[in-house]
Amino acid sequence: MNIRVLVVDDQSLVRGGFRTILDSEEGIEVVGEAANGEEAIAAVAALSPDVVCMDVQMPGMDGLEATRRITADEASAAAVLVLTTFNREDYLFAALEAGASGFLLKNSSPEQLIEAVQVVARGDALLSPDVTRRVIEAVADRAGDALGAVEQAATREPQPSPELDTLTDREREVLEHLAAGLSNAEIAERLWVGEATVKTHVSKVLMKLALRDRVHAVVYAYEHGVVRARR
């Protein structure tokens, strides 16, 4: 079955370029376009795409608010891949907090765009390679600041999320490796298991913690003290 894609951008030339690239790949079909957030929400409801390629800055409702509403809609199974020309951490974190499953710069290659759509369609998460490590470091810094405030306000460590108790020892170990930014292949090498086994563990971690994808698992791990932020 084809991966059904909705392209959202306020520039018609950009939408046309993305459509040409994606429609050229076997197994991917662009089923619609939208020029702003309001149109995107309506198109998702009408077309039921698997992946939404979402611009950030658009007139009217921007891509971040549209992403927030699309991912909050239980009737929608669409994964959102945010595309932007701006390599800015504030956009990046806002997109992740809105529920996006991927973040890709518009200067990425056609091959990277195709791969990104395929990755998020599988239910995985994706960030541009040049920003992935920076996300983890910034999340760690944020968590470190939060932990510092807690330590000043109380004499004991904050209690971890009760959902963590549902994880097995191996699943918690996998979560720790996710928080370090390791890929499935790297985790498999560390744990001396196959990649398929790692993928199964990752899926169970996401399910038990009610997380959308591995990127949000990184945020969760730092926020709940699974790993200590670097100072």
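Above this text you will find the structure in question.
Everything numeric here is computed off the predicted structure, so don't read it as measured data.

Asks: Lay out the environment of alanine 121 in plain terms, naming residues and giving numbers.
Replies: Topologically, alanine 121 is positioned in helix H5 (residues 110-121). Sequence separation between alanine 121 and valine 51 is 70 residues; the distance between their C-alpha atoms is 6.1 Å. Those residues within four positions of alanine 121 in sequence are excluded, and the remaining contacts are Ile3 and Val51.

Asks: Describe the pattern of salt bridges, listing the residues and the values that go with them.
Replies: Oppositely charged side chains are able to pair whenever their charged atoms sit close together. A complete count under the given rule lists nine salt bridges for this structure. Lysine 106 is paired through a salt bridge with aspartate 55; the nearest N and O atoms lie 3.2 Å apart. Of the two residues, lysine 106 sits in the loop between strand E5 (102-105) and H5 while aspartate 55 sits in strand E3 (residues 51-55), which places them 51 residues apart along the sequence. Judged by its relative accessible area of 23%, lysine 106 falls in the partly exposed class. Note on aspartate 55: relative accessible area 6%, which makes it buried. Via salt bridges that share partners, Arg15, Arg19, Asp23 and Glu33 belong to a single interconnected network.

Asks: Summarise the pairing of strand E1 (residues 3-8); cite the residues concerned and give the values.
Replies: With respect to burial, E1 is a largely interior element, five of its six residues being buried. Where E1 lies against strand E2 (residues 28-34), six bridges are found, and the strand directions are parallel. What sits directly across from isoleucine 3, in E2, is isoleucine 28.

Asks: Describe unusual backbone geometry, listing the residues and the values that go with them.
Replies: In this structure, serine 48 is a non-glycine residue whose phi angle is positive, near 50 degrees. Its place among the elements puts serine 48 in the loop between helix H2 (37-47) and E3. Judged by its relative accessible area of 49%, serine 48 is partly exposed. You will see that tryptophan 192, though not glycine, has its phi angle at about 60 degrees, which is positive. Within the secondary structure layout, tryptophan 192 lies in the loop between helix H8 (184-191) and helix H9 (195-208).

Asks: Go over the packing of helix H1 (residues 12-23) against H5, please, and point to the residues and values.
Replies: Viewed as axis vectors pointing N to C, H1 and H5 meet at an angle of 75 degrees, and their least axial separation amounts to 10 Å. Put simply, H1 runs roughly perpendicular to H5. Together, Phe18, Ile21 and Leu22 of H1 and Pro110, Leu113, Ile114 and Val117 of H5 make up the contact between the two elements. Considering only residue class, the contact of H1 with H5 consists of seven nonpolar, no polar and no charged.

Asks: Pulling in residues and values, what's your account of the pairing of E3?
Replies: Among the five residues in E3, five count as buried, and that is most of the element. Of the two faces of E3, the one lined by Val51, Cys53 and Asp55 and the one lined by Val52 and Met54 are each fully buried. In terms of strand pairing, E1 meets E3 through four bridges, oriented parallel. Residue pairing for E3: valine 5 is matched across the bridge by valine 51. The pairing of E3 with strand E4 (residues 79-84) spans five bridges and is parallel.

Asks: Please set out the nonpolar core residue by residue, giving values where relevant.
Replies: Among the nonpolar cores identified, the biggest contains 24 residues, and Val8, Val52, Met54, Val82 and Phe103 are the most heavily contacted of them. Listed by contribution, the elements that provide at least two residues to this core are E1, H2, E3, helix H3 (63-72), E4, helix H4 (89-97) and E5. The biggest single contributor to this core is H4, with four residues.

Asks: If you had to explain the side chain of arginine 15 to someone new, which residues and values would you point to?
Replies: Tracing the sequence through the fold places arginine 15 in helix H1. Look past the residues within four positions of arginine 15 in its chain and what remains in contact with it is Val7, Asp9, Asp10, Glu33, Ala34 and Ala35.

Asks: Go over the side chain of serine 76, please, and point to the residues and values.
Replies: One can find serine 76 in the loop between H3 and E4. Serine 76 gets classed as buried once you look at its relative accessible area, which sits at 18%. Within the structure, serine 76 has its side chain in polar contact with the backbone nitrogen of alanine 78 (distance 3.2 Å). Excluding residues within four positions of it along the chain, serine 76 makes contact with Val44 and Ile70.

Thresholds, definitions, all that
- Residues numbered from 1 in each chain as written.
- Predicted model: local features only at pLDDT ≥ 70, side-chain atom pairs only at ≥ 80, totals over all residues.
- Heavy atoms only, no water.
- Helix = DSSP H or I, 4+ residues; strand = E, 2+ residues; numbered from the N terminus.
- Contact = heavy atoms within 4.5 Å.
- Salt bridge = Lys/Arg side-chain N within 4 Å of Asp/Glu carboxyl O.
- Buried < 20%, exposed > 50% of the residue type's maximum accessible area, 1.4 Å probe, protein only.
- Pairing = 2+ DSSP bridges.
- Axes fitted to C-alpha atoms, helices over the stretch in contact; angles between N-to-C directions.
- Parallel < 35°, antiparallel > 145°, perpendicular 65-115°, else oblique.
- Nonpolar A, V, L, I, M, F, W, Y, C, P; charged D, E, K, R; others polar.
- Core = buried A, V, L, I, M, F, W, Y, C linked by side-chain atoms within 4.5 Å.
- Polar contact = N/O pair within 3.5 Å; in protein donor to acceptor, adjacent residues only side chain to side chain.

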